[in-house]
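# Close look at the chain arrangement
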Amino acid sequence: MKKFNLFKEIIVVPRNDFMNALNANKKFAITHEGKIEFEPFSSMMIAIFEGTIPPPSLLSPNLQRPLTEMLGKDYRIVEDDDRILIKASPAWQNIIGYNRLRALYDDTTADGIDKFADKELEQIGWHATEFNITYREIVEQFENHCDGTIICIEQEEPYQFSGLGFVVDMEQTRKVAYDFCVSSIKEKLANDPDYATLSDDEEEAKNYFFS
């Protein structure tokens, strides 16, 4: 998976596309790739902005608002001829809200990852916890072996990370998760004395992976 770090990335939107979205007077999204989408949005879309931009009030002294004000105070916009350049990291909390329901996993809180949006993956993750395999360990397998995107804010000093994960091929992702858990549980059953005798819940989890 590739990281799209909003601290470092600038989203480039074609000016004509941006203006057409403004003039459409309906809800639209700007994706992390700089594309404009209208509802219904794709289930795989990663948005850095969603909403409408109403026309200025007729009572407003400034009917020609600058583009730099239209998305709101949390976006930094630079106009560059036929392009609109957007720095979106200050809008991170809004971006979480736009994308959380579409993401496979949410790593934006201090509690870390505690569930998967995909039901089959959630079953894998839930059973794996009986053998002390964490969601974070499973996600590391996705991040190392699957195609997808982690939209995040990440900085080195002081270290800070917050992100949402999206994968391209769910079947591949399920297989990567399942195979990792099977391999890990086999190793624990063979070598970890804590699993010499299994509880009922551990036995159920073992049967899930080795049935």
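For the structure, check the block above.
As the structure is a computational prediction, the values presented were derived from the model and not from experiment. (Residues numbered from 1 in each chain as written. Predicted model: local features only at pLDDT ≥ 70, side-chain atom pairs only at ≥ 80, totals over all residues. Heavy atoms only, no water.)

## Side note on the pairing of strand 5 (residues 47-51)
Operational definition: Burial classes follow relative accessibility: with a 1.4 Å probe on protein chains only, a residue under 20% of its type's maximum area counts as buried, one over 50% as exposed, and anything between as partly exposed. Numbering goes from the N terminus for both helices and strands, where a helix is a DSSP run of H or I of at least four residues and a strand is a run of E of at least two. Should DSSP find at least two bridges between two strands, the strands are regarded as paired.
In terms of residue burial, strand 5 counts as a mostly covered element, since 5 of its 5 residues are buried. The pairing of strand 3 (residues 28-31) with strand 5 spans 4 bridges and is classified as antiparallel. Paired with Phe 28 across the strands is Gly 51, a residue of strand 5.

## Overview of helix 5 (residues 170-191)
Selection rule: Take the residue count of a helix, subtract one, and multiply by 1.5 Å to get its expected span. Any two residues whose heavy atoms approach within 4.5 Å at even a single point are treated as in contact. Under the rule applied, a polar contact is a pair of N or O atoms within 3.5 Å (in protein, one hydrogen donor and one hydrogen acceptor; residues adjacent in sequence only if both atoms are side-chain atoms).
In a regular helix each residue adds 1.5 Å, so 22 residues correspond to 32 Å; helix 5 covers 32 Å between its end C-alpha atoms and thus fits that length. Among the residues of helix 5, those classed as buried are Thr 173, Arg 174, Val 176, Ala 177, Phe 180, Cys 181, Val 182, Ser 184, Ile 185 and Lys 188. Packed against the buried residues of helix 5 are helix 3 (119-128), helix 4 (135-145), strand 10 (160-167) and helix 6 (200-210). The N-capping residue of helix 5, defined by a side-chain oxygen 3.1 Å from the backbone nitrogen of Glu 171, is Asp 169.

## Quick look at the pattern of salt bridges
Selection criterion: Salt bridge, as applied in this entry: a Lys or Arg side-chain nitrogen positioned within 4 Å of an Asp or Glu carboxyl oxygen.
Taken as a whole, this structure holds 14 salt bridges when the rule is applied. Between Lys 73 and Asp 74 there is a salt bridge, and its shortest N-O distance comes to 3.5 Å. Asp 179 is the salt-bridge partner of Lys 175, the closest N and O atoms lying 2.7 Å from each other. Here the residue Lys 175 and the residue Asp 179 both occupy positions in helix 5, the gap between them amounting to 4 residues, near one helical turn. You can call Lys 175 exposed: its relative accessible area is 52%.

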